[in-house]
Amino acid sequence: MTFTVKNVDWRSAKDKLTKLREKVFVYEWRIPKDVEFDRQDSAACHVLLLDDAGIEIATGRITADGEIGRIAVLNNCRKPEVYQQLLTALLAIAKQQGMQTVSVQCELEGVNYYQQQGFRPVGAVYMDAGIARQRLACNIEQFSLPKVEFTH
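The rules behind the values
- Residues numbered from 1 in each chain as written.
- Predicted model: local features only at pLDDT ≥ 70, side-chain atom pairs only at ≥ 80, totals over all residues.
- Heavy atoms only, no water.
- Salt bridge = Lys/Arg side-chain N within 4 Å of Asp/Glu carboxyl O.
- Helix = DSSP H or I, 4+ residues; strand = E, 2+ residues; numbered from the N terminus.
- Buried < 20%, exposed > 50% of the residue type's maximum accessible area, 1.4 Å probe, protein only.

**A few points about the pattern of salt bridges**
Here comes step 1: Going through the model one piece at a time under the given rule, you end up with twelve salt bridges.
Here comes step 2: Residue E28 is joined to R78 by a salt bridge in which the shortest nitrogen-to-oxygen separation is 2.7 Å. Taken together, the positions of E28 in helix α1 (residues 10–28) and R78 in the loop between β4 (68–73) and α3 (80–96) put the pair 50 residues apart, joining distant regions of the chain.
Here comes step 3: What makes R78 partly exposed here is its relative accessible area of 29%.

**Concerning unusual backbone geometry**
Here comes step 1: Here the phi dihedral of R30 falls at roughly 65°; this positive angle occurs in a residue that is not glycine.
Here comes step 2: For R30, the position within the fold is in the loop between α1 and α2 (33–36).
Here comes step 3: Among the residues examined, R30 registers a relative accessible area of 64% and is labelled exposed.
Here comes step 4: One non-glycine residue, R70, lies in positive phi territory at about 50°.
Here comes step 5: Following the sequence through the fold, R70 ends up in strand β4.

This is the structure in structure tokens:
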């Protein structure tokens, strides 16, 4: 399967981004809509991934401070190559913007895995939509493809 990756901004692609993230986070994960969509959306760089039929199947974003998140992949499309394409595109944006460090928000069950991938905890554990999370960061050159199902 081939994919098309599109770098988009919130204003021009809001409907498509919202549709994907609602399906994954609001309806599937039961994250409240007012938590899922935040003020960072308008300033973040977003990526849309389309399948070979031109259907939007995944999205992710990177914020101005280098946080990679809101990785939403339709249930029947959750395959390593989809995540690889998304993260490659998001890391390319980070490099283009001169970022040295990137971070993720991780569910606690994934912290050990991320640390094995070179990430280090930043700050204290916090609650987000009723889920205990930890922010983790790493040098962009050390970033490897972690199990992104732990991120939001």
